[in-house]
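A structural walkthrough
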Amino acid sequence: MRTQPLIAWVTVIGTALSIFLIMTVVMIESVGVMSFSPESNRDRMLYGMYVHINKPNGSGGSGSMSYKCAERLYANLKGVEAISFQSDGAEHLDIHGTTDETFTASVRSCDQGFWEVFDHKLLEGRLFSKEEVEAGSKLAVVSSSTARRLFGPENAIGRHFMLDHNDTEVIGVVEDSSPLAEWAYGEVFRPIDVISSSEWGGGYFGNIAAAILVEEGTDLESVRNQVKNRYAEFASELKAEGRDIIYHGAPFTQQVYADGIPGSNNTPDNSADRAINVAVLVILLLVPAINLSSMLHSRLRRRINDLGVRRAFGCTRGRIVRDIIGENFIVTLAGGLIGLGAGVLFALFYDGVFTVGGESVRPSLSMLLNFRIIFSAFAACFILNIISAAIPAWQAARMNPVNAINAK
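Quick summary incoming for the structure in this document.

Conventions and cut-offs
- Throughout, a residue's number is its position along its own chain's written sequence, starting from 1.
- Where totals are concerned, whole chains, interfaces and linings use all residues; where local detail is concerned, this predicted model gives features only for residues with pLDDT of at least 70, and gives and counts side-chain atom pairs only at 80 or more.
- In computing side-chain properties, one takes all heavy atoms of the structure into account and sets aside hydrogens as well as water.
- Elements are defined by DSSP. Helices are runs of H or I of four residues or more, strands are runs of E of two residues or more, and each kind is numbered from the N terminus.
- What the globule rule says is 2.2 Å times the number of residues to the power 0.38, and the radius of gyration is computed from C-alpha atoms.
- Burial status follows relative accessibility: with a 1.4 Å probe on protein chains alone, a residue under 20% of its type maximum counts as buried, one over 50% as exposed, and anything between as partly exposed.
- Contact criterion: two residues are considered in contact whenever any of their non-hydrogen atoms come within 4.5 Å of each other.
- In short, Shrake-Rupley with a 1.4 Å probe defines the accessible areas, and a residue's cover is counted only from the protein chains shown.
- We call a set of buried residues a nonpolar core when its members are Ala, Val, Leu, Ile, Met, Phe, Trp, Tyr or Cys and they connect through side-chain atoms within 4.5 Å of each other.
- For salt bridges, the criterion is a side-chain nitrogen of Lys or Arg within 4 Å of an Asp or Glu carboxyl oxygen.
- Here a Phe, Tyr or Trp ring, Trp counted by its six-membered ring, pairs with any other such ring whose centre lies within 6.5 Å, and the pair is stacked when the planes are under 30 degrees apart, edge-to-face when over 60, and tilted otherwise.

Across its full length, the protein holds 13 helices and 15 strands. Over its C-alpha trace the protein gives a radius of gyration of 29 Å, far above what one expects of a compact globule, namely 22 Å for 408 residues. Oriented by its inertia axes, the alpha-carbon framework of the protein measures out at about 90 × 60 × 35 Å. When burial is assessed residue by residue, the protein has 46% of its 408 residues classed as buried. Of the contacts made within the protein by residues no fewer than 6 positions apart, 75% connect residues no fewer than 24 positions apart. Roughly 19,600 Å² of accessible area belongs to the protein as shown, and the carbon and sulfur atoms make up 56% of that amount.

Written as structure tokens, this is what we have:
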């Protein structure tokens, strides 16, 4: 760093740029699948949303399930800890409280199982029960920021507000959550029964999705196989009506939804996208590694006398290789830490890195500084170092000591 500062700093900056680009890709991938509250068990989650039913003449339809259809396919599965039947997305509805402010909130309709599947932190009051869901009670649980907007500094529990022109009572307040928790996020939560009448297509289609929390130690595939068998049984029943239900692989894991919401009438195949992502990461490693290798080779040419003296005094080729790779790793690691820091700042403050429903969403610092991302950064530094330093180190170690001392 002192004797060749220009080349050394170019190496650091080149490494930082490479790690910055790699970490941006890794962070986007990681936040899509990592667990964070209120989706703290993403590795044990399965999701089912759509159903595809055809008639013999080829007509039919596909879309979100009705409540009846969702129960038929997903209720009472073995190896399931909890299940939530909820709206297939949050609605944006107008709400109005005592502050004289009418604003649009993200409203999620769900059953009592929602609170068992997702770990929202209850700050005040209580959550609605199964009986209240079945009765279609006009109740709501709201996020803490929504409660303040509705009622100001006053206690929200027991107070009423207008939700989509319906008088609704607040029974609980939960901690705010990130929109990146797409299955659990909401600013207002109400019992699903208030929209369960939205059915069409013979009562098989509606606006219901199923979120399934699988028991610890239970293979996700065993639960998916149960659903597959139910599809087969359902198909036999529908045949009498002249219909057929098409199985597209549901329920899906968090990874499938992170790659893109599966369509309602096709089986998702994200292998091409995964291959492209891998190719991008390889390119982001190889291109700078080749450039860094050239710069390292240039640095070593200026140290040829030093290497020759060391070899003449008995330093082994293996020691030469280890020292060169070790020195280069320190420089690479310095650049990697700069690149990681730049990537985190970019993800935190640049709009458009993370989007939900077409709107930019900013992640929290804890989402970005997790073990998976930090390990990926160190792994990328290590791989980049090995690729860039291996050939120059091998060439330096094989030099003839006499020629090296004479700078030949």
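The next subject is the nonpolar core. In terms of nonpolar packing, the biggest core is built from 83 residues, with M23 and Y74 touching the most fellow members. In this view, M23 contacts L340, I373, S376 and A377; residues no more than four positions away in its chain are not counted. Judged by nonpolar contacts, the second largest core, of 16 residues, contains A105, A140, V173 and V188.

With the rule as written, the count across this model stands at 11 salt bridges. Here D323 makes a salt bridge to R310, at a shortest N to O gap of 2.6 Å. Separated by 13 residues along the polypeptide, D323 in helix α10 (residues 317–349) and R310 in helix α9 (residues 304–312) bring together distant segments of the chain.

Under the definition given, this model contains 16 aromatic pairs. With centroids separated by 4.3 Å and ring planes inclined at 20°, the aromatic side chains of Y47 and W183 adopt a geometry described as stacked. Here the residue Y47 occupies a position in strand β1 (residues 45–48), and W183 occupies one in the loop between β10 (166–174) and β11 (188–191), the gap between them amounting to 136 residues. Each of the two residues, Y47 as well as W183, counts as buried.

The subject of this paragraph is the environment of V51. Assignment of secondary structure puts V51 in strand β2 (residues 50–54). The residues touching V51, leaving out its near neighbours within four places in the chain, are G61, S62, G63, S64, M65, C69, Y204, F205, I245 and S264.

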